[in-house]
Amino acid sequence: MRAAVLSIRNLRSACRHQRNTYSSAFVRRRSHLIESSSSSVYRLPNNAKINKFLFPTIFISRPFSTDAASKVNVTVNRAGPLVEYERRIAAGELVDGDACQVGTLRELQRLYDEIVESADACRLDRYAAPEKTVRNGWFWSRLMPQSSYSPVNGLYLYGGVGTGKTMLMDLFFDQLPCNWRKKRIHFHDFMLNVHSRLQRHKGVADPLEVVAGEISDEAILLCLDEFMVTDVADALILNRLFRHLFSNGVILVATSNRAPDNLYEGGLQRDLFLPFIETLKERCVVHEIGSAVDYRKLTSAEQGFYFIGKDLSGLLKQKFEQLIGENVASPQVVEVVMGRTLQVPLGANGCAYFSFEELCDKPLGAADYFGLFKNFHTLALEGVPKFGLHNRTAAYRFVTLVDVMYENRSRLLCTAEGSPQELFENVVTVSDAQQMAPRTSSRSRRNDDSDLCVDNELGFAKDRTISRLTEMNSKEYLEQHAEERKLLSQELVNADAVVQA
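Taking an unreviewed UniProt entry as the reference, the protein is identified by name as AFG1-like ATPase isoform X4 belonging to Durio zibethinus. Under the UniProt heading Sequence similarities (unreviewed entry), the entry covering the protein gives this text: "Belongs to the AFG1 ATPase family."

As structure tokens, this is what we get:
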């Protein structure tokens, strides 16, 4: 009996020694292990695989010595946004960026590495079984509320227009595993979704908590593009909404033209919005892209479908008819949100025709525009005016319209009173107006100074709109739009063939 016990003890000791031998060998190599984005495994010689979320607990069927293990050459492919960016530069898919873009990519790569390292703790895998707790019911959540903040802070990127913020964030987002709870959405669309959910939960004690719970169930990593607060209804709920989201473990990655301290500047009841800024800075690393290069303007800009001048409605309708081909344009109705509909004066073959007054002088907003471009890929817009104090509200709607079109990669045909720059020359920020004060106070000031629109938010947003209008009329943008339409048409043909078969 004693011999048997000693035999078992010796066997256990040998196993412990062997396990420690393997662990020490691989721990020394751990700094050389870099994760791969296309697979959840580390690649070793002889096609051996180790699940990266189980490392460093390693089981190997064939024993070998510490000296032999130290000679194992572990070679892997590094993954992440910075690596993919370098690959695209080398392949000629992107122009070589400046030092500011590379610095931003290092921040995104750091965040990528931290998230991958803490994937289990962040509960990112949508298929992983949730941790079971004894007190997990609604009653206990009310009686003993528990927070589960993410161990990883998010990232807030801001900078000038056309500096590549959206492209860099998308690069980061696309490198993350598809099975993770992640979502990338435009800020306008996100807030519309929030208000729609609030409407459904009307009457609940704290509907924002319920909405935050639904959002965090769907996505732990939330990427918001073009974070811009202009609506007082949004401003008043953002702090409580994001406190709930962060408490549920949500990691925020956002892009914006504004620094956090400048969000909702000059807005109504801004003092109630200020706590959100502190919450944002507490849960996100703030990084400025200091580049002064507008990469959208580096495209081979052409006049495209942007026609400057008055009384050009005949030309625009001719171009519209060429695009719809043999189809007959007729009035249509599209569904927006919460039972609302939008009247389309003329529509056919994915193309819609509006006058500027019908689309920007009426009380419409982002929800209407998103609904429109879910049904149409091309907009013919007649009579875009120059903007000033007399039509400031319409200017805001036009900015939102261009944002939604750009987000949906839609095509724009329009007639306008001037170039994109000329449309907004009478819209300035407060600081711009102060610099103009000596000239405008003189008797020789221009007649149109009386229509000067001094608006910080609009004066800031106009640069983005000018940049996007420029790109949307470039050869590259229009070719990409045509290619996407061609691919979509082919997918529809294939789907029809499958159904018929």
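Caption draft 1: Fine view of the confidence of the model for the protein. Summing up the model confidence of the protein, the mean pLDDT is 79 and the portion of residues at 70 or higher is 72%. Taken element by element, the predicted model of the protein shows its lowest mean pLDDT in helix α2 (residues 66-70) (37) and its highest in strand β11 (residues 351-355) (97). With pLDDT under 50 throughout, residues 440-447 is counted as low confidence; its partners more than four residues away or in other chains account for five contacts.

Caption draft 2: Broad picture of the sheet that holds strand β10 (residues 341-348). The six strands are arranged β8-β13-β12-β11-β10-β9 in an open sheet whose pairing can be described as mixed. The open sheet has two edge strands with one neighbour each: β8 (306-308) and β9 (330-335). Taking each pair of neighbouring strands and ignoring which way they run, the sheet shows an average axis angle of 25°. With three bridges connecting them, β8 and strand β13 (residues 411-416) associate as parallel partners. Bridging across to β13, I308 finds its partner in A416. Set on the sheet, helix α11 (residues 313-324) makes contact with β8, β10, β11, β12 (378-384) and β13; between it and β11 the angle comes to about 165°. In this fold helix α14 (residues 392-407) packs onto β12 and β13, with an angle of close to 160° to the strand it touches most, β12.

Caption draft 3: The packing of helix α7 (residues 187-200) against helix α13 (residues 366-373), seen in detail. Two elements in contact, α7 and α13, have axes separated by 10 Å at closest approach and are oriented at 105°. By the angle between their axes, α7 is roughly perpendicular relative to α13. Contacts between α7 and α13 involve H188, D189 and L192 from the former and A366, A367 and F370 from the latter. Split by residue class, the contact of α7 with α13 holds four nonpolar, one polar and one charged.

Rules used in this analysis
Residues numbered from 1 in each chain as written. Predicted model: local features only at pLDDT ≥ 70, side-chain atom pairs only at ≥ 80, totals over all residues. Heavy atoms only, no water. UniProt positions renumbered as here; feature names shortened; annotations may be inferred. pLDDT = per-residue confidence, 0-100. Helix = DSSP H or I, 4+ residues; strand = E, 2+ residues; numbered from the N terminus. Contact = heavy atoms within 4.5 Å. Pairing = 2+ DSSP bridges. Axes fitted to C-alpha atoms, helices over the stretch in contact; angles between N-to-C directions. Parallel < 35°, antiparallel > 145°, perpendicular 65-115°, else oblique. Nonpolar A, V, L, I, M, F, W, Y, C, P; charged D, E, K, R; others polar.

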